[in-house]
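The chain contents come next:
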Amino acid sequence: MFITTLWLSLAGQMQPIDAGEYRPLYLKADTPYVQVQSFQLDAAPVTNQAYFEFVQAQTKWQKQNVPSIFAEHNYLQHWLLQNGQYQPSQHQLNTPVTNVSWFAAQAYCQAQGKVLPTVDQWEYVALASEHQANGSIEGDFHQKILAWYSKPTPTQLPEIMQNPANYWGVYDMHGLVWEWTLDFNSALVNGESRNDASLDAKLFCGAGAASSADPKDYAAFMRFGFRSSLQAHFTSSNLGFRCAAATNYSKD
Amino acid sequence: MKLAMLVGVAAAVLAVPLNAKSLPVEKATLTAPPMVPPPITRNYPAKVQIHLETQEKVGRMADGVEYVFWSFGGSVPGSFIRVREGDEVEFTLSNHPSSKMPHNIDLHAVTGPGGGAVSSFTSPGHSSTFSFQVINPGLYVYHCATAPVGMHVANGMYGLILVEPKDGLPKVDREYYVVQGDFYTKGAYGEAGVQPFDMEKAIKEQPDYVVFNGAVGSLTGDKALTAKVGETVRLYVGNGGPNLVSSFHVIGEIFDNVYVEGGDLVNHNVQTTLVPAGGSAIVDFKLDVPGNFILVDHSIFRAFNKGALGILKVEGKEDKGIYSGKQKDSVYLPEGSAVQSVGDAAPFVTAQNKAEKIRFGQRIYEANCQACHQAKGEGIKGAFPPVAKSDYLNADHDRAIRVILNGLSGAVKVNGETYNSVMPAMQLNDMDIANVLTYLLNNFGNKGGEVTAEQVANQRH
Ligand SMILES: [Cu+2]
């Protein structure tokens, strides 16, 4: 029933990410960089096909079985009911799975011995352009990312890995879908480490830009804004995910 | 900190008197621009339910130019909201499931932290409901306040909410809704295709488009505002910004009353009123004579080169006592604003042949004529005649030279349409005039030909 190509198996593969540091946008220009330990990250977002295989193995995550506290009713709404089962259509197989809640994404990763990446891990990898770990020093880096943010969602999402990988060999950090992170709402639940810069100020008024590390990093503002609008049972037609793991993780 | 702010908002919302339950409930009538909901006739407060949907979709910015507008209710500016002082508002904001962005709404009519922004923060495919009481009458801007605010506003997320005073506003014959906004596109003004938002230009405050109601031409041609001689017209004018302040003016009219900045203060006999970004003004005037009255931002390059131009078309009997269309000196000119010297920009070189004349002429056209006659020479119906396929132009080259040298006013017939408007004299030298006319004659479907500098010199007197 499913074509398993070399290319698809690549999709489930992970890329090693070296330790390093980056400066999250919500910190002031004179606050220190955040250290990111080395880890591994899925080379691409999880596809509908991979997610379908998961719900076949763990039937409690099938659309008809999920309690609404774990995923709202739009969960997997783009799949069709066929032979008593919700499943992706043929042309959705290699596109990123969306309409999944945080609980569902986390369960998927756990089933493989992985976890969702933290915001810091995700942002650190997302900072890379095709050729450099820190792409933000390239002139049109942010403008390119913004261009996607300001396009409406297409009715049919493109397939994964259609654009060049970034410096880490990771695909589609930008330009395909939003992605869940492990601590997407930590900014809301604990206000620690943010000192005098409250998240509200970031999200609801222009003042936010004054205390951010790079006021031109509108793209990062938008990701933080998007994440903070979410709750763990929410699903959205342009929100998918990928998984992360420790450096010593290896697929059995 | 976060918690403290949330508590603050909750307190403000709860501060609404709890007699709210006993208020009669009604659904607000919302209108897309340029229309305004009818005046409120009830003389008691009500609980008004408002439902607005945020959308992200491709729309027209100018002919051939598209833009991904983010909006309240699918229009830029967003739906006009009309409530009465003392009303309790129950506001539901829904974010369309296809949206990429979360959105919220900051209503300047709300007193409370963030004007509702925190309680209305809404993820794609979700809705938020919050309540507030409108205490202060006036005309207020609402806008999205999600980070980065500038981008949400620059993409069109603003509109107006009118809080009518308890006794209402004086009765008028017509009301319209006009909001100015500045837009920042990757491509220059007029560059075709879907244009992405340009953050650099936005930060530098260098817009490519400054327009009324979200697009070039949204208030011209058959979309012009209309009225009749003898009527009084009220405009609810807003400015979404995000950056520019508007010098709002109607060419050929004087505002009888201006509710300064949308508040209580009423000024009379005003020519141009300032509308701050994130602010408003209410203006009204009685129409004494027929004709086309042109709405502009009197920072006039914005009107003629960036799109901030609308038309109020007034029909009815002429009153020669008030306005005599025939006397050139009684006419309000846009101060020769379109008269630009090409001077320093272009080195003084003489065209050696017809092809060069056409090339040089194009520059002259773009710098001096295009603002009125438009990029493809198509003109603007009712205001500026076409120079494309123009029978008037092709019929008599010497006459066309005189039009540029001396200007033109009074009724002229171009391609069967009568124009009764004013073209100012253009300060160009003989060579430039020869080039621009040669350019026109050989473009835009005109009949060809060539005009020489000598020919132009012969028409000077
Ligand atoms: Cu918004």
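The structure displayed is predicted, hence computed values, not measured ones.

Cut-off values and rules
Residues numbered from 1 in each chain as written. Chains lettered and ligands numbered in written order. Predicted model: local features only at pLDDT ≥ 70, side-chain atom pairs only at ≥ 80, totals over all residues. Heavy atoms only, no water. Helix = DSSP H or I, 4+ residues; strand = E, 2+ residues; numbered from the N terminus. Buried < 20%, exposed > 50% of the residue type's maximum accessible area, 1.4 Å probe, protein only. Contact = heavy atoms within 4.5 Å. Areas by Shrake-Rupley, 256 points an atom, 1.4 Å probe, with all protein chains shown as cover. Donors = N, O, S within 2.8 Å, 3.2 Å for Na, K, Ca; no water. Tetrahedral: all angles 85-135°; square planar, octahedral: opposite > 155°, others 65-115°. Pairing = 2+ DSSP bridges. Axes fitted to C-alpha atoms, helices over the stretch in contact; angles between N-to-C directions. Salt bridge = Lys/Arg side-chain N within 4 Å of Asp/Glu carboxyl O. Parallel < 35°, antiparallel > 145°, perpendicular 65-115°, else oblique. Nonpolar A, V, L, I, M, F, W, Y, C, P; charged D, E, K, R; others polar. Buried area = accessible area lost by both parts, 1.4 Å probe. pLDDT = per-residue confidence, 0-100. Core = buried A, V, L, I, M, F, W, Y, C linked by side-chain atoms within 4.5 Å. Domains from an automatic or database assignment.

1. Comments concerning the overall build of chain A
Stage number 1. A tally of helices and strands in chain A yields 9 helices and 9 strands.
Stage number 2. Out of the 252 residues belonging to chain A, those deemed buried represent 54%.
Stage number 3. Across chain A, every contact between residues at least 6 apart in sequence was considered, and the portion connecting residues at least 24 apart equals 77%.
Stage number 4. Accessible area of chain A: about 11000 Å², with a carbon and sulfur share of 53%.

2. Here we look at the overall build of chain B
Stage number 1. Each helix and strand in chain B was counted, giving 10 helices and 23 strands.
Stage number 2. In chain B, which comprises 461 residues, the share counted as buried stands at 55%.
Stage number 3. In chain B, the proportion of contacts linking residues at least 24 apart, taken out of those at least 6 apart, comes to 69%.
Stage number 4. Here chain B has roughly 19400 Å² of accessible surface; of this, 53% comes from carbon and sulfur atoms.

3. What to know about the coordination of the copper ion
Residue and element names in this part refer to chain B.
Stage number 1. Within the protein, His 103 (ND1), Cys 144 (SG), His 152 (ND1) and Met 157 (SD) serve as the donor atoms for the copper ion, at 2.0 to 2.4 Å.
Stage number 2. Around the copper ion, the 4 donor atoms are arranged such that angles at the metal cover 89 to 130°; this shape is classified as tetrahedral.
Stage number 3. Donor residues for the copper ion sit on one chain with the sequence pattern H-x40-C-x7-H-x4-M. Taken together, the residues span a long stretch of sequence, with Cys 144 in the loop between strand 8 (138-143) and helix 2 (149-154) and Met 157 in the loop between helix 2 and strand 9 (158-164) at a distance of 13 residues.
Stage number 4. Among the residues examined, Met 157 registers a relative accessible area of 0% and is labelled buried.

4. Description of the sheet that holds strand 1 (residues 14-17) of chain A
All names here are of chain A.
Stage number 1. On the basis of which strands lie adjacent, the open sheet formed by 3 strands has the order 1-4-9 and antiparallel pairing. Every interior strand has two partners, whereas the edge strands, strand 1 and strand 9 (244-245), have only one.
Stage number 2. In this structure, strand 1 lies alongside strand 4 (residues 39-42), joined through 4 bridges in antiparallel fashion. Residue pairing for strand 4: Met 14 is matched across the bridge by Asp 42.
Stage number 3. Contacts from helix 4 (residues 119-126) reach strand 1, strand 4 and strand 9 within the one sheet, and its direction differs from that of strand 4 by about 75°.

5. Quick look at the pattern of salt bridges
Residue and element names in this part refer to chain B.
Stage number 1. In this structure the tally under the stated criterion is 18 salt bridges over all chains.
Stage number 2. Between Arg 42 and Glu 26 there is a salt bridge, and its shortest N-O distance comes to 3.2 Å. Separated by 16 residues along the polypeptide, Arg 42 in the loop between strand 1 (25-27) and strand 2 (47-62) and Glu 26 in strand 1 bring together distant segments of the chain.
Stage number 3. With a relative accessible area of 9%, Arg 42 lands in the buried category.
Stage number 4. The exposure class of Glu 26 is partly exposed, given its relative accessible area of 33%.
Stage number 5. Two residues, Arg 82 and Glu 164, come together in a salt bridge whose shortest N-O distance is 2.6 Å. Taken together, the positions of Arg 82 in strand 4 (residues 81-84) and Glu 164 in strand 9 put the pair 82 residues apart, joining distant regions of the chain.
Stage number 6. In the salt-bridge network here, residues are joined through shared partners; they are Arg 82, Glu 164, Glu 175 and Arg 234.

6. Remarks on the packing of helix 5 (residues 141-149) of chain A against helix 9 (residues 218-228) of chain A
Residues and elements named next belong to chain A.
Stage number 1. Running from N to C, helix 5 and helix 9 point in directions that differ by 40°, and their axes come no closer than 8 Å. With respect to helix 9, the element helix 5 is oriented oblique. Seen from helix 5, the contacting residues are Ile 145, Leu 146 and Tyr 149; seen from helix 9, they are Tyr 218, Ala 219, Met 222 and Arg 223.
Stage number 2. The class makeup of the residues in the contact of helix 5 with helix 9 is 6 nonpolar, no polar and 1 charged.

7. Digging into the interface of chain B and chain A
Where interface size is given, it is often the accessible area lost as the parts come together that is meant.
Stage number 1. Contacts between chain B and chain A engage 33 residues on the former and 33 residues on the latter.
Stage number 2. Around 2900 Å² of area is buried between chain B and chain A when both sides are counted, 66% of it from carbon and sulfur atoms.
Stage number 3. There are 0 salt bridges connecting chain B and chain A.
Stage number 4. The set of elements that each furnish at least two residues to the side of chain B that touches chain A consists of helix 1 (2-14), strand 2, strand 3 (65-72), helix 2 and helix 3 (199-204) of chain B.

8. Concerning the sheet that holds strand 17 (residues 266-270) of chain B
Residues and elements named next belong to chain B.
Stage number 1. Taken in spatial order, the 6 strands of this open sheet run 12-10-14-19-16-17, and their pairing is mixed. Two strands close off the open sheet at either side, each with one partner strand: strand 12 (209-212) and strand 17. Strand-to-strand, the axes of this sheet are offset by a mean angle of 20°, without reference to chain direction.
Stage number 2. Two strands pair when backbone bridges link them, and strand 14 (residues 232-241) and strand 19 (residues 279-286) are joined in this way by 8 bridges, in the antiparallel orientation. Each bridged residue has a counterpart across the sheet, and for Asn 239 the counterpart in strand 19 is Gly 279.

9. Here's the deal with the pairing of strand 18 (residues 272-275) of chain B
Residues and elements named next belong to chain B.
Stage number 1. Burial along strand 18 is one-sided: Thr 273 and Val 275 are buried, and none of Thr 272 and Leu 274, which face the opposite way, are.
Stage number 2. Both strand 15 (residues 246-251) and strand 18 contribute to a ladder of 4 bridges, which runs antiparallel. Residue pairing across strands places Ser 246 opposite Val 275, the latter belonging to strand 18.

10. A closer look at the confidence of the model for chain A
Residues and elements named next belong to chain A.
Stage number 1. Of the residues in chain A, 80% reach a pLDDT of 70 or more, and the chain-wide mean stands at 81.
Stage number 2. For the stretch residues 1-8, pLDDT sits under 50, and the model shows 15 contacts to residues farther than four places along the chain or on other chains.
Stage number 3. This stretch, residues 187-211, has a pLDDT under 50; its non-local contacts, to residues over four places away or in other chains, come to 44 contacts.

11. Looking at the nonpolar core
Stage number 1. Core analysis: the biggest nonpolar cluster contains 96 residues, and Tyr51(A), Tyr75(A), Trp180(A), Phe241(A) and Phe91(B) have the highest contact counts within it.
Stage number 2. Each of domain 1 (25-170) and domain 2 (178-315) of chain B accounts for three or more of the residues forming this core.
Stage number 3. The residues contacting Phe91(B), other than those within four sequence positions of it, are Ile50(B), Leu52(B), Ile81(B), Ile105(B), Leu107(B), Ser128(B), Thr129(B), Phe130(B) and Phe132(B).
Stage number 4. Membership of the second largest hydrophobic core comes to 27 residues, among which are Val178(B), Leu235(B), Val237(B) and Val250(B).

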